[in-house]
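Observations on chain architecture
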Amino acid sequence: MSHCSLFGRALGLAILLASAASTGSAFAAGASETPSGAQGPHALAIDIPARQVWSFAGPFGKYDPAQLQRGLKVYREVCSNCHSLKMVAFRDLMSPDGPNLTEAEARAIAEAYKIKDGPNDAGEMFERPGRLSDYFPWAFPNEQTARAAFGAVPPDMSLLAKARTYERGFPLFLLDPFIQYQERGVDYIYALLTGYTNDKDPNWDEYFPGHKIAMPNPLSDGAVDYADGAPKTVQQYAKDISAFLMWAAEPKLVERKRIGFRVLVYLAVFAALLYLVKRKIWARLHNGASEAHRAQPPA
Amino acid sequence: MSGHPTYVPKSAAARWLESRLPILGLLHSSFVVFPNPRNLNYWWTFGGILSFMLAAQIVTGVVLAMHYTPDARLAFASIEHIMRDVNYGWLFRYMHANGASMFFLALYIHMFRGLYYGSYKAPREVLWLLGVVIFLLSIATAFLGYVLPWGQMSFWGATVITSLFSAIPFVGDYVTTWLWGGYAVDSATLNRFFALHYLLPFMIAGVVVLHIWALHVPGSNNPAGIEPKSGKDTLPFHPYFTVKDGFALACFLIFYGWFVFYVPNYLGDADNYIEANPLQTPVHIVPEWYYLPFYAILRSIPSKIGGAAAMFSAVLIIAFLPWLDTSRVKSAAYRPLYRIFFWIFVACALLLGYVGSQPPEGGYVLAARLLTIYYFVHFLVILPLLGLIERPQPLPATIADSVLGPQAQVLPAKATQMPGQ
Amino acid sequence: MEASATADEPTPTRRDFLFIATGAVGVVGAGAAVWPLIDQMNPDATTLAAASTEVDIGNIAEGQIVTIKWRGKPVFISHRTQAEIEAARAVPIDELPDPATDQSRTQKPEWLIVIGICTHLGCVPLGNDGPFQGGYFCPCHGSVYDASGRIRQGPAPKNLAVPPYAFDGDAKVKIG
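Once that is clear, we can look at the domain arrangement of chain B. Residue and element names in this part refer to chain B. Each assigned domain of chain B is listed with its residue range as follows: domain 1 (37-161 + 188-226 + 235-285) and domain 2 (289-392). The C-alpha-based centres of domain 1 and domain 2 are spaced at 23 Å. Every contact between the two is made by 31 residues of domain 1 and, on the other side, 31 residues of domain 2. Surface buried jointly by domain 1 and domain 2 totals about 2,700 Å² across both partners, of which 70% is contributed by carbon and sulfur atoms. Counting every contact that joins domain 1 to domain 2 gives one salt bridge. Across the salt bridge formed by Lys121 and Asp325, the nearest N and O atoms sit 3.2 Å from each other. Summed over the shared surface of domain 1 and domain 2, the result is 15 residue pairs in polar contact (both at pLDDT 80 or more). When contributions to the side of domain 1 that touches domain 2 are tallied by element, the ones reaching two or more residues are α5 (89-117) and α6 (125-147). It is α5 that contributes the most residues to the side of domain 1 that touches domain 2, 10 residues altogether. Looking at the side of domain 1 that touches domain 2 residue by residue, the class counts come to 23 nonpolar, five polar and three charged.

Next comes the structure, spelled out in structure tokens:
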């Protein structure tokens, strides 16, 4: 992350929020930029994932449809060979807040998958092309097959971006809610995917607790072909798949932040009005206005 | 819920109802003309905030129950169904999950306010005891609710807490099996937890009614800790305290909304987005933040039955406060020594919470033990002794004096206009 | 609040305006908060997405009526005989309680596709039952439908509803 974008992020937050939290954000974003090495209570030295710039961070964050579409391509061509995505339906790909595919595009992706259905009138299970209402199928018929193949079951990816995190430590964890840092999961996934730094061992990862990870380095430069001119590098793939997984885990994020802004503006106005009313009413006590309904002391 | 009914029905319909069920008069005397000490500060607004949060939790909870499936195979997916497919389901789910935290935040502020201003002392002991009952029921309700999403933390939290009962001598294992309805936490456990989680909030609401009743007999305590002596010392609930509570509630909702809309998963645990797996415990089990001090006490005792006993004692000892605190002065504002020990106790509780969130290794174990000892020493040694050795500062003659100070002499001219003087 | 303010002073003042504005803002907020409570009970995204069903009709014999499930409701797919089609088309329209031509209710004469819910009170009528050949009879309250699913006798007010559907070749139909 460049210093320029870091500054822009902090400045943007400061302007947008115009609250006490904004000063904290500049400090915290700067502080978290430097990986501080192992400071957690765990004995193993694990590097702290660096904070990345994401389009969906902050109070007005939105997913970048082009990025999600690239991430979807990475998922389909790389991750889906082992990992399921069982909570995402093909219809979800049409979400305007998400990948924003046309119905024809989403249908084409759905039909590329074989979905097990049945039983038919003869009592037999059969396979048919996917429909929009279907969910992404898994490459394995069941967990046992996957365990037999890999020795471990590759986790479902639907919620991975919310199910992974790392230790922030004191006092950063106290600042996080006020600077709205909710991207620990994706920062960790990005760090993990770019953390295969040991050339001799494809199962060694800088950011994985214990460093020995069952999944060998899944990405390599040029492995997935991008049509939109984005760089075909491991960094870019990691970035795009992480963003895609964040969308898969939190598809209502954009709607949530959009409604949230309106609700908070409303509450701020309402609270200000109530404060004025409260001041007005309590002022009666000081300016000697008549108190027709003064209370009785308790008996 | 007490006081003299001064309500005069205005409409014929109100007269008709009032002569058959005097509920309007009850509401009028309880929430309109009810005399409140005029010096209540904003720490006193958390009772109203808690009532609102309880109602909000019940409303959002009923909505969630319409879409949730209490079956071990389907529970986790049904939560995700709510988050992804139900209209505004994500809103209700995040409101409910964060609402539990907000409820406990308000509850702890409410309790610490009571500790600071001595609100548990005579004649408000029953009020305090009912509050402790609400606290216990809230702990149980939140624990049961946390199990329902059936994530890893739900499952292992349920396993660990229900296993506490196996520490009971002789019948422990039987009790645990009975609680589970099986040989482990499973569908039967989930289903009964769901039923009880739906039931308990209504029991809390019932105790809240008793709590308000017990409040309205002696009236509210206040920052001066002295009882109102005349109409000068009090103000009618409406409009003075309705609008003050309303303003405080709106501010609290801004804080709540910030979490719901911008950092909805900050207070939760990432592991709970992994479906429950009875064959694998997460590396680091932690309860929700509001249990952490008690969890730290549980872990600090290196004995199964000792830990469980210490934890339950830590909660129950709060009920004995009215008799452990020997000082006759209520408010810490006039108790120089207690004021210091109050803040040390606050720090102790916060530190216990932090230690509870850390793995039980190294220095944290020792810290937890020292803090646990201090926690009990505060209640069992410091509070009884303070009342004997402390020299309180002089109390103001009346509440009005404590608010208005030197101006108090100006007011009688105005006060003579008041009825009931 | 407003009442107590206006009691003292008959004309609106700045204080009245503040009270009224605050009350109005509060009411608007409460109103807006009600909408999610209502909308959450509307059909969710999975229900809306699973709104279409494909049916293989190649195996349905002439004169046979099969029942399939669409949106949780029964749908009758009737492979009508020539005699049933002719009888349905010969009825004078103005004799019907709910006038509709058989042509307007079918896309292909030999296939009648209707929602199998009696328009009286929601029971499922029996196929190939009642006085009309290839017709329907509702056992709950005795409504009688003809081979075009039109109400002919009994308490039901309307014809059996026709769902949206489209043929995909000769052997498949997509309902919804």
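Let's pick the thread back up.
Geometrically, a packed helix pair is captured by the angle between its two axes and the distance between the axes. The interhelical angle for the contact between helix α10 (residues 253-286) of chain A and helix α10 (residues 237-262) of chain B, taken along N-to-C directions, is 160°, at an axis separation of 8 Å. Compared by their axis directions, α10 of chain A and α10 of chain B come out roughly antiparallel. Our pair here, α10 of chain A against α10 of chain B, has a crossing hand that is left-handed. A breakdown of the residues in the contact of α10 of chain A with α10 of chain B according to their chemical character gives 25 nonpolar, three polar and five charged.

With that out of the way, let us pick up the pairing of strand β10 (residues 172-175) of chain C. Residue and element names in this part refer to chain C. In β10, alternate side chains face the same way, and those of Val173 and Ile175 are buried while those of Lys172 and Lys174 on the opposite face are not. Note that strand β1 (residues 53-56) and β10 share four bridges and pair antiparallel. Each bridged residue has a counterpart across the sheet, and for Glu54 the counterpart in β10 is Lys174. In this sheet, β10 lies alongside strand β9 (residues 165-168) in antiparallel orientation, the contact comprising four bridges. Across the sheet, residue Ala166 finds its bridge partner in β10, namely Lys174. The antiparallel hairpin formed by β9 and β10 contains three residues in its connecting segment, where Gly169 sits at a positive phi of about 75°.

The rules behind the values
- All residue numbers here refer to positions counted from 1 along the written sequence of the relevant chain.
- Here every chain gets a letter starting at A, and every ligand a number starting at 1, in the order they are written.
- Totals for whole chains, interfaces and linings use every residue, but because this is a predicted model, local features are given only for residues with pLDDT of at least 70 and side-chain atom pairs only at 80 or more, for both listing and counting.
- For the side-chain quantities, the full set of heavy atoms in the structure was used; hydrogens and water were omitted.
- Here the limits of each domain have been adopted from an automatic or database domain assignment.
- Note on contacts: a residue pair qualifies if any of its non-hydrogen atoms lie within 4.5 Å across the two residues.
- By buried area we mean the combined loss of accessible area, with a 1.4 Å probe, across both parts when two parts are placed together.
- Throughout this description, the term salt bridge denotes a Lys or Arg side-chain nitrogen within 4 Å of a carboxyl oxygen of Asp or Glu.
- Here a polar contact is recorded for every N or O atom pair within 3.5 Å, except that within protein the pair must consist of a potential hydrogen donor and a potential acceptor, and residues adjacent in sequence are included only if both atoms are side-chain atoms.
- Secondary structure is summarised from DSSP: a helix means a run of H or I of at least four residues, a strand means a run of E of at least two, and numbering begins at the N terminus for each.
- Gly is put with the polar residues, along with every residue not named as nonpolar or charged; the nonpolar set is Ala, Val, Leu, Ile, Met, Phe, Trp, Tyr, Cys and Pro, and the charged set is Asp, Glu, Lys and Arg.
- In this analysis an axis means a line fitted to C-alpha atoms, helices contributing only their contacting stretch, and an angle means the value between N-to-C directions, from 0 to 180 degrees.
- Here roughly perpendicular refers to angles of 65 to 115 degrees, roughly parallel to angles under 35, roughly antiparallel to angles over 145, and oblique to all remaining angles.
- When the near helix sits turned anticlockwise from the far one by under a right angle, the crossing is termed left-handed; a clockwise turn instead gives a right-handed crossing.
- Burial status follows relative accessibility: with a 1.4 Å probe on protein chains alone, a residue under 20% of its type maximum counts as buried, one over 50% as exposed, and anything between as partly exposed.
- A pair of strands counts as paired when DSSP detects no fewer than two bridges linking them.

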